[in-house]
Protein chains: 2
Amino acid sequence: MPQKVRIALDAMGGDHGPSVVVPGAALALEQHPDSIFMLVGDRAKIEPLLDAHPRLKAVSRLVHTDVAVRMDDKPSQALRNGRWKSSMWLAIDAVKKGEADVAVSAGNTGALMAMAKFNLKTLPGIERPVIAALWPTLKRSSVVLDLGASIGADAESLVDMAVMGSAMARVLYGLDRPSVGLLNIGVEEVKGLEPVREAARMLRENPPPHIDYIGFVEGDDIGRGKADVVVTEGFAGNIALKTAEGTARQFAEYLKDAISQSIWSKIGYLLARPAFRMLRDKMDPRKSNGGVFLGLNGVVIKSHGGTDPEGFAAAIDMGFNMVRYELLAKIGETIHSHTRLSAEARAAGGAAS
Amino acid sequence: MPQKVRIALDAMGGDHGPSVVVPGAALALEQHPDSIFMLVGDRAKIEPLLDAHPRLKAVSRLVHTDVAVRMDDKPSQALRNGRWKSSMWLAIDAVKKGEADVAVSAGNTGALMAMAKFNLKTLPGIERPVIAALWPTLKRSSVVLDLGASIGADAESLVDMAVMGSAMARVLYGLDRPSVGLLNIGVEEVKGLEPVREAARMLRENPPPHIDYIGFVEGDDIGRGKADVVVTEGFAGNIALKTAEGTARQFAEYLKDAISQSIWSKIGYLLARPAFRMLRDKMDPRKSNGGVFLGLNGVVIKSHGGTDPEGFAAAIDMGFNMVRYELLAKIGETIHSHTRLSAEARAAGGAAS
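Computed from a prediction, not measured in an experiment: that's the story for all the values here. (Residues numbered from 1 in each chain as written. Chains lettered and ligands numbered in written order. Predicted model: local features only at pLDDT ≥ 70, side-chain atom pairs only at ≥ 80, totals over all residues.)

Q: I keep staring at the interface of chain B and chain A and nothing clicks. Help me out?
A: Size of an interface, as often reported, equals the accessible area lost when the parts are brought together. In this assembly, 52 residues from chain B lie in contact with 52 residues from chain A. For the side of chain B that touches chain A, the secondary structure elements donating two or more residues are α9 (219–224), α10 (234–259), α11 (263–271) and α12 (273–283) of chain B. Classifying every residue of the side of chain B that touches chain A by side-chain character gives 29 nonpolar, 14 polar and nine charged. (Contact = placed C-beta atoms within 7 Å. Helix = DSSP H or I, 4+ residues; strand = E, 2+ residues; numbered from the N terminus. Nonpolar A, V, L, I, M, F, W, Y, C, P; charged D, E, K, R; others polar.)

Right, here's the structure in full:
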């Protein structure tokens, strides 16, 4: 039997704090009985909730702190006020100290990224950490990155993202060589921003192992599931993600309006209810909750701040899988062999010239 | 009675050429009887179609040419082979020569933009033309620009877009001061790309007339209809648009799957059919067909290449409104008074210092 996965939770993070985190952890434990938890936060608030979940309580350790990062703290404020002592910091610090395998927080993204970067530091050869998430598609789902951490990424950063995103897709989908596309505004070589074109050249001419580079993909190819991994700079990635969320919400509103139009449409809805339930399930943002911070010496998962226990459990599930299937080792393996291959390619090029 | 609107059509543009353009024009004429048309293209192909639409024929002039820009021509190829003589060029040229008020083409975007820019030239003070379109929202629709012409726009270009987009919103919605938002990855002042932050500063400190600048908006605010005009650089704008289209298509697929699940869901669908028809109408991309090229000395409308007569008629309708409600004059008015105000502000600043 494999070792237990040790999960550190920022119990105070998110809009609802422990009242979502604790039941969320209880749900995650049902799914992954080989987990153990460390809950960081206000003991007075966490303990009564833990008492209601005796199974979770039996595999949890509670670490008390009074300090919590607020949802509207700026990253600099969060670092100034919350370093060394906030629930967010201590959850990350458990990963740093080797006491936990993964930290999960629903706290504010900027603060979490700043603290994770400050404490864990980036992997050798990686300049900037990025955020990756699962995007539901017509096939299964795709890994999309970066979703807002690397504004204005250069070509090298885009190639790093391809490497890290493909490691994540290997973990999630059990593929050996996930397909990777670069998000662009057309599929022709001549189009798009210079760093995107340059990254395409690098991926074509010197492809890292475990990557099946398939070229440029466009915005509408994401939902089609054309690539297992879609790579983009963080500004465009964040806008794409939020635009898709907005469009899904818009569609859901239209559907609701349409159904309430007449008595016949209401009856029709009742008859087709299982179908609509399936539809709602497919569009359920909770199921794909959990952004993975990639490029750090440790695994940190960001949950949506406004999620419910089921959504928080999905974020924990994401963290569990990243640990169980060795995300960091897979990233390291690809980066190292790629660096070695690049060096060999350069040496061979040098010898030939 | 106002003067007739003179519309030049590239009859050979798009995936289907005259077989969509001619019936599309006939539909548009029903909607706007005060239009007259110039159809440019292969007489042998156009004439039989015109014969089937005698009312359209009565208000149309046919200009023959053998040359047509192909859908896969690169802009440079199109200019080399199609300048002076292609149906696309001649339609634009009619606007240039004052023989038409607007040109509409379903031909390829890059070629159309290159020819329009080469022939019509940009408005004084505008460096790069951009593409604006209507985005269906939960309110009415919003003007979103740029959708792919201005890759990596600087702050000045973003402010120009705000000016031009608000002129378009005045034309379409009859507003005096449309609300304008800058697309960003957060609503805080400190976030996002430098040109976006700089444009925000310019719009706040020296707001052009006829603009109600409301700050940053995020991807999911577009579909909410938070701003009448959403301004973004072309790379992110194109990706946002295509991502939204992809998400809508994904939702439609899920819905279709859901409905075909069981006999009950099929019966439910039949009962609710008028409601579903309403839903389909709301999501119908044909209704918002028509990208407006802004920043040129003339009005040029780009229709989707794969559209049908109804969609092409919507593109003509867009062009008709832009002429009837004097888009160019409104843009000119705002640019001029803004330039004057900026100059006065600078002079006042200079005198004070």
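Having seen the model, we can carry on.
Q: How should I be thinking about the relation of the copies chain B and chain A in this particular structure?
A: Put simply, the two copies of the chain differ by a rotation about an axis and a shift along that axis. For the match of chain B to chain A, the screw axis carries a shift of 0.0 Å, the RMSD comes to 0.1 Å, and the turn is 180°. When the rotation and shift are considered jointly, the pair of chain copies conforms to a two-fold rotation axis. For chain B, the residue whose C-alpha comes nearest the rotation axis is Gly268 of chain B, separated from it by 1.8 Å. In this assembly, 100% of the residues forming the interface of chain B have copies in chain A that are likewise at the interface, indicating an isologous arrangement. (Least-squares fit on C-alpha atoms with pLDDT ≥ 70 in both.)

Q: Would you mind showing me how to read the sheet that holds strand β10 (residues 291–294) of chain A here?
A: Hydrogen bonds along the backbone pair up the strands of a sheet, which may run parallel or antiparallel. Residue and element names in this part refer to chain A. Across the sheet, 11 strands lie side by side as β3-β2-β1-β4-β11-β10-β5-β6-β9-β7-β8; this open sheet has mixed pairing. Of all strands in the sheet, those with a lone pairing partner are β3 (60–64) and β8 (212–217), marking the two edges. Each neighbouring strand pair of the sheet contributes to a mean axis angle of 25°, computed without reference to strand direction. Pairing of strand β6 (residues 141–145) with strand β9 (residues 229–231) involves three bridges; the strand directions are parallel. Looking at β9, one finds that Leu145 is bridged to Val231. Of the strands in this sheet, β1 (5–10) and β2 (35–41) are in contact with helix α1 (residues 18–31), which crosses β2 at around 175°. Across the face of the sheet, helix α6 (residues 109–120) comes into contact with β4 (102–105), β10 and β11 (299–302) while running at roughly 175° to β11. (Pairing = 2+ DSSP bridges. Axes fitted to C-alpha atoms, helices over the stretch in contact; angles between N-to-C directions.)

Q: Please clarify how the nonpolar core should be interpreted in this entry.
A: Soluble globular proteins: nonpolar side chains tend toward being buried together. In this structure, Leu9 and Met168 of chain A together with Leu9 and Met168 of chain B are the most contacted members of the largest nonpolar core, which totals 235 residues. Beyond its immediate stretch of four places on either side in the chain, Leu9 of chain B contacts Val21, Ala25, Phe37, Met38, Leu39, Val40, Ala91 and Val104 of chain B. (Core = buried A, V, L, I, M, F, W, Y, C linked by C-beta atoms within 7 Å. Buried ≥ 20, exposed ≤ 12 C-beta atoms within 10 Å, placed from the backbone.)

Q: Sorry if this is basic, but what is going on with the sheet that holds strand β9 (residues 229–231) of chain B here?
A: Residues and elements named next belong to chain B. The 11 strands are arranged β3-β2-β1-β4-β11-β10-β5-β6-β9-β7-β8 in an open sheet whose pairing can be described as mixed. The two strands at the open ends of the sheet, each matched to only one other strand, are β3 (60–64) and β8 (212–217). This sheet shows a mean twist of 25° between the axes of neighbouring strands, independent of strand direction. Strands β4 (102–105), β10 (291–294) and β11 (299–302) of the sheet are contacted by helix α6 (residues 109–120), whose axis makes an angle of about 175° with β11.

Q: How should the packing of helix α11 (residues 263–271) of chain A against α11 of chain B be read in this particular structure?
A: Orientation of α11 of chain A relative to α11 of chain B, taken along the N-to-C sense of each, is 170°, at an axis distance of 7 Å. Considering the angle they form, α11 of chain A stands roughly antiparallel to α11 of chain B. Seen from above, α11 of chain A lies across α11 of chain B with left-handed handedness. Packed against α11 of chain A, whose contacting residues are Trp264, Ser265, Ile267, Gly268, Tyr269 and Leu271 of chain A, the element α11 of chain B presents Trp264, Ser265, Ile267, Gly268, Tyr269 and Leu271 of chain B at the interface. Taken together, the residues that form the contact of α11 of chain A with α11 of chain B break down as eight nonpolar, four polar and no charged. (Parallel < 35°, antiparallel > 145°, perpendicular 65-115°, else oblique. Left-handed = near helix turned anticlockwise from the far one by under 90°.)

Q: Would you take a moment to explain the confidence of the model for chain A for this structure?
A: Regions with low pLDDT should not have their predicted coordinates read in detail. The share of residues in chain A with pLDDT of 70 or more is 95%, and the mean pLDDT across the chain is 90. Scoring the predicted complex yields pTM 0.90 and, for the interface, ipTM 0.86. (pLDDT = per-residue confidence, 0-100.)

Q: How should I be thinking about unusual backbone geometry in this particular structure?
A: Residues apart from glycine generally show negative phi values, whereas peptide bonds are mostly found in trans. In this chain, Leu145 of chain A is followed by Asp146 of chain A through a cis amide linkage whose omega measures 0°. Of note, Asp146 of chain A is situated in the loop between β6 and α7 (155–173). Phi is positive for Lys121 of chain B, close to 65°, though the residue is something other than glycine. With respect to the helices and strands, the residue Lys121 of chain B is situated in the loop between α6 and β5 (130–136). Although it is not a glycine, Glu326 of chain B sits at a positive phi angle of roughly 60°. Relative to the helices and strands, Glu326 of chain B is located in the loop between α13 (309–324) and α14 (327–352). On the neighbour-count criterion, Glu326 of chain B (14 C-beta atoms within 10 Å) is partly exposed.

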